[in-house]
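Survey of secondary and tertiary structure
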Amino acid sequence: YSNFIDNLRVYVRGGTGGMGYPNLGGEGGRGGDVWFVARERTTLKSIKEKYPHKRFVAGTGANSSVKALKGEKGKDREVHVPLGISVLDDDGKQIGELNAAGERFLAARGGLGGSLATNFLPCKGQRRAVHLDLKLIADVGLVGFPNAGKSSLLSKISHAKPEIANYAFTTIQPELGKIMYADYKQISVADLPGLIEGAHANKGMGHKFLKHVERTKQLLFVVDISGFQLSIKTQFRTAFETILLLTKELELYKEELVTKPALLAINKMDLPCAKDNLDELMTQLENPQDFLHLLEEEMIPANTLEFREVIPISTYTGEGIEELKTCLRKSIDEQAEQENEEYRKKKLLLLQTSK
């Protein structure tokens, strides 16, 4: 996870104001401000490399003088940050958010210049340490236990080239890929480090993974049809149990995650017995309540997910990959249309009430 930075603590300080001019009642210039500005193709890693001291200080306001009784404002300091940044204070309280290119957040205000009110002495600028917390913004977030085939799937459907190996923890940092369609539509997909049981309690990569799910529009569960076992010390889970456990982990971390639209890709359909396992799984998914008694109580989520589409695939043979891309496109388009419709209704309601 070391190459990918999703949290950075920085020090910001607004500029000190300029001196006033007591003899003529002159006023010093205000100190400059420190701003965070969201910009594409910026990373927290690049900020850390460019500014190893992680200190950002704005310019001092100009002193008042005979030539200029009103001193000029100090120079502002702009810090370019990635999209998807939450700004937190040292107590962990969120004080700002930057999600779209060009959005700005005032991180530290400059001090007032010296004037009659301050006995012509300047004030110091605001100073504080803040945390820049990144949550990836993507259309689709891949959710699955380690070795379910998420990295292989991302490499099949997009131009991303994640590392792939046949052991549990291949993905140790989030990967972003883009699905390109014939009409030039693009859908961004985030492959996120594999969940494990107990991730909600910060086991494994716990919160480092789960926080990135928050800003994805939709979820794509990727499940191994033959089931999953993390190691010989842990229990074997069937595909149905895997789906319930993944749902439970999301729910325990943040309930609203399971309200996101979700699709299910059932991977490794090239394996022997995959067809029989799929028939059994589809029966279980149609009436999940009938099979919940087979599980321990702590594994059962409060709400079972209803998937918009269930697509059997094989990243090895390529089976179902094109169908999956089509389903993702349809689901994203439907969600966008629904959001537009809701926006139109809100606007109409506002117009009616204002009249």
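Residues numbered from 1 in each chain as written. Predicted model: local features only at pLDDT ≥ 70, side-chain atom pairs only at ≥ 80, totals over all residues. Heavy atoms only, no water.

This part covers the packing of aromatic side chains. In total, this model carries five aromatic pairs according to the counting rule given. Ring centres of Y51 and F56 lie 5.0 Å apart, and the angle between their planes is 75°; on these two criteria the pair is classed as edge-to-face. A residue is classified by how much of its surface remains accessible, and F56, at 1% relative accessible area, is buried. Here F240 and F291 contribute two aromatic rings whose centre-to-centre distance is 6.2 Å and whose plane-to-plane angle is 75°, an arrangement assigned as edge-to-face. With F240 in helix α4 (residues 239-253) and F291 in the loop between α5 (274-286) and β14 (310-312), this pair connects stretches of sequence that are 51 residues apart. You can call F240 buried: its relative accessible area is 4%. Taking the ring centre of Y181 as reference, the NZ or CZ of R329 above it sits at 5.2 Å. (Phe/Tyr/Trp six-rings, centres within 6.5 Å; stacked < 30°, edge-to-face > 60°. Buried < 20%, exposed > 50% of the residue type's maximum accessible area, 1.4 Å probe, protein only. Helix = DSSP H or I, 4+ residues; strand = E, 2+ residues; numbered from the N terminus. Lys NZ or Arg CZ within 6 Å of the ring centre and 35° of its normal.)

The next subject is the domain arrangement of the protein. What the domain assignment lists for the protein is domain 1 (7-134) and domain 2 (138-339). In this structure, domain 1 and domain 2 have C-alpha centres spaced 43 Å apart. (Domains from an automatic or database assignment.)

The next subject is a nonpolar patch on the surface. On the surface, L24, V66 and L69 cluster together into a nonpolar patch covering about 270 Å² of accessible area. Summarising the element assignment, L69 is placed in the loop between β3 (55-57) and β4 (77-81). Judged by relative accessible area, L69 falls into the partly exposed class, the value being 38%. (Patch = residues over 30% accessible without salt bridge, like charges linked within 9 Å, V, L, I, M, F, W, Y side chains within 5 Å. Areas by Shrake-Rupley, 256 points an atom, 1.4 Å probe, with all protein chains shown as cover. Salt bridge = Lys/Arg side-chain N within 4 Å of Asp/Glu carboxyl O.)

Applying the stated criterion across every chain, the model contains 24 salt bridges. Between K325 and E322 there is a salt bridge, with the nearest N and O atoms lying 3.6 Å from each other. Placement of both K325 and E322 in helix α6 (residues 321-354) is noted, with a separation of three residues, approximately one turn of the helix. By relative accessible area, which is 54% here, E322 ends up exposed. One salt-bridge network, in which partners are shared between bridges, spans R30, D33, K73 and D76.

With respect to topology, three strands assemble into an open sheet ordered β4-β2-β7, the strand pairing being mixed. The two strands at the open ends of the sheet, each matched to only one other strand, are β4 and β7 (104-108). The mean angle between the axes of side-by-side strands here comes to 30°, regardless of whether they run parallel or antiparallel. Pairing analysis gives five bridges linking strand β2 (residues 34-38) to β4, with the strands arranged parallel. Bridge pairing in β4 places V34 opposite R77. (Pairing = 2+ DSSP bridges. Axes fitted to C-alpha atoms, helices over the stretch in contact; angles between N-to-C directions.)

Bringing the nonpolar core into the picture now. Counting 58 residues, the largest nonpolar core has F36, F221 and L250 as its most contacted members. Top element by residues in this core is α4. It accounts for seven residues. Core analysis: the next-biggest nonpolar cluster, separate from the first, contains 21 residues, L153, V222, I311 and L328 among them. (Core = buried A, V, L, I, M, F, W, Y, C linked by side-chain atoms within 4.5 Å.)

Let us look at the environment of G31. Counting through the fold element by element, G31 comes out in the loop between β1 (7-13) and β2. Sequence spacing of G31 and G110 is 79 residues, and the spatial spacing of their C-alpha atoms is 4.1 Å. Once you skip the residues sitting within four places of it in the chain, G31 turns out to touch G15, T16, G17, G59, G61, K73, G74, G110 and G111. (Contact = heavy atoms within 4.5 Å.)

Moving on, we get to α4. Along its 15 residues, α4 runs 21 Å from first to last C-alpha, staying within 8% of the 21 Å computed at 1.5 Å per residue. In terms of residue burial, α4 counts as a mostly covered element, since 13 of its 15 residues are buried. (Expected span 1.5 Å × (residues − 1).)

A separate point is the environment of A58. Take A58: it is sitting in the loop between β3 and β4. Remark: the alpha-carbon pair of A58 and W35, spanning 23 residues in sequence, is separated by 9.2 Å. In this structure A58 touches R13, G14, G15, G32, D33, V34, K75 and R77, once residues within four positions along its chain are discounted.

Our next topic: the sheet that holds strand β10 (residues 175-180). What the six strands build is an open sheet, ordered β10-β11-β9-β12-β13-β14; its pairing is mixed. Edge strands, defined here as strands with exactly one partner in the open sheet, are β10 and β14. Looking at each pair of strands side by side, their axes are set apart by 25° on average, direction ignored. Here β10 runs beside strand β11 (residues 186-191); their pairing, made up of six bridges, is antiparallel. Within the sheet, the bridge partner assigned to G177 lies in β11 and is V189. Strands β9 (138-143), β10, β11, β12 (216-224), β13 (262-267) and β14 of the sheet are contacted by α6, whose axis makes an angle of about 150° with β12.

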